[in-house]
Each structure stands twice: as structure tokens, then as C-alpha cells.
Amino acid sequence: MAGERKPWVGDVVHDEEADRRGVVTDVRGGAVWVLRPEYGLEQWTSERPEQLTVVTPREQVRERS
């Protein structure tokens, strides 16, 4: 993960383990990442941030809004 940024709230990521894209909505205790689909209401969690690849950083997501 050298040179890659750690996913954080607001980032759009690809979750390799779940094989889907989502938006990080919360990081609980620095150990559980809460995600939701880009469009929709469901959510899932990941305890493996190394499996989350940032697709669109939160700064760019805000620019598109």
C-alpha cells in the first residue's frame, strides 16, 4: 500500500473482498469501515482497509457535487 492513501469518510472505494464499489460513511474505532453503495441505502462493513482501494478521493467527490 506504499504511496496509496488510506480510505476515509467520503472516499469512493472498491472493496476487493465484497467485489463492489461504495462510499465510506464511517470509520468506527479506527478498525471498522462502514460503506454504502454509491446509490442506495444498504450498507456493509470492512475490517480490512488494505482491501479498500480509493477510486475517487473525497475532495474530488465534493467538487462534483
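To start, this report covers the structure provided alongside it. (Residues numbered from 1 in each chain as written. Predicted model: local features only at pLDDT ≥ 70, side-chain atom pairs only at ≥ 80, totals over all residues. Heavy atoms only, no water.)

A look at the packing of aromatic side chains
Next up, step 1: Counted according to the given criterion, the structure contains 0 aromatic pairs.
Next up, step 2: Here the guanidinium or amino end of Arg 20 rests over the ring plane of Trp 44, the centre of that ring lying 3.9 Å away. (Phe/Tyr/Trp six-rings, centres within 6.5 Å; stacked < 30°, edge-to-face > 60°. Lys NZ or Arg CZ within 6 Å of the ring centre and 35° of its normal.)

Concerning unusual backbone geometry
Next up, step 1: In the Ramachandran plot, Asp 19 falls in the positive-phi region, its phi being about 55° despite a non-glycine side chain.
Next up, step 2: Exposure remark for Asp 19: the relative accessible area of 61% places this residue in the exposed category. (Buried < 20%, exposed > 50% of the residue type's maximum accessible area, 1.4 Å probe, protein only.)

As for the layout of surface pockets
Where empty space is left can be seen by rolling a probe of water-molecule size over the atoms.
Next up, step 1: One number sums up the size of the largest pocket: a volume of about 160 Å³.
Next up, step 2: In terms of lining, the largest pocket is formed by Gly 10, Val 12, Val 23, Arg 36, Glu 38, Tyr 39, Arg 58, Val 61 and Arg 64.
Next up, step 3: It is helix 1 (residues 58-64) that provides the largest number of residues to the lining of the largest pocket, a total of 3 residues.
Next up, step 4: Within the lining of the largest pocket, the residues separate by chemical class into 4 nonpolar, 1 polar and 4 charged. (1 Å grid on protein atoms, 1.4 Å probe; cavity = no way out; pocket = protein on both sides within 12 Å on 5 of 7 lines; lining within 4 Å. Points joined across faces, edges and corners; volume = space filled by probe spheres on them. Helix = DSSP H or I, 4+ residues; strand = E, 2+ residues; numbered from the N terminus. Nonpolar A, V, L, I, M, F, W, Y, C, P; charged D, E, K, R; others polar.)

A look at the side chain of Gln 51
Next up, step 1: Here Gln 51 is to be found in the loop between strand 4 (44-46) and strand 5 (52-56).
Next up, step 2: Exposure remark for Gln 51: the relative accessible area of 18% places this residue in the buried category.

As for the nonpolar core
Next up, step 1: Judged by nonpolar contacts, Val 13, Val 24, Val 27, Trp 33, Leu 35, Trp 44 and Leu 52 together constitute the single largest core of 7 residues.
Next up, step 2: Contributions of two or more residues to this core are made by strand 2 (20-28) and strand 3 (32-36).
Next up, step 3: Not counting residues up to four positions away in its chain, the partners in contact with Val 24 are Pro 7, Trp 8, Val 9, Gly 10, Asp 11, Val 13, Trp 33, Val 34 and Leu 35. (Core = buried A, V, L, I, M, F, W, Y, C linked by side-chain atoms within 4.5 Å. Contact = heavy atoms within 4.5 Å.)

Quick look at the sheet that holds strand 2
Next up, step 1: Ordered by their spatial adjacency, 5 strands build an open sheet running 4-3-2-1-5, and the pairing between neighbours is antiparallel. In this open sheet, the two strands that pair with only one neighbour each are strand 4 and strand 5. Neighbour to neighbour, the strand axes of the sheet diverge by 45° on average, direction disregarded.
Next up, step 2: With 5 bridges connecting them, strand 2 and strand 3 associate as antiparallel partners. Bridging across to strand 3, Asp 26 finds its partner in Val 34. (Pairing = 2+ DSSP bridges. Axes fitted to C-alpha atoms, helices over the stretch in contact; angles between N-to-C directions.)

Points about the pattern of salt bridges
Next up, step 1: For the coordinates displayed, the defined rule picks out 9 salt bridges.
Next up, step 2: Notably, a salt bridge pairs Arg 5 with Asp 11, separated by 3.8 Å at the nearest N-O pair. (Salt bridge = Lys/Arg side-chain N within 4 Å of Asp/Glu carboxyl O.)

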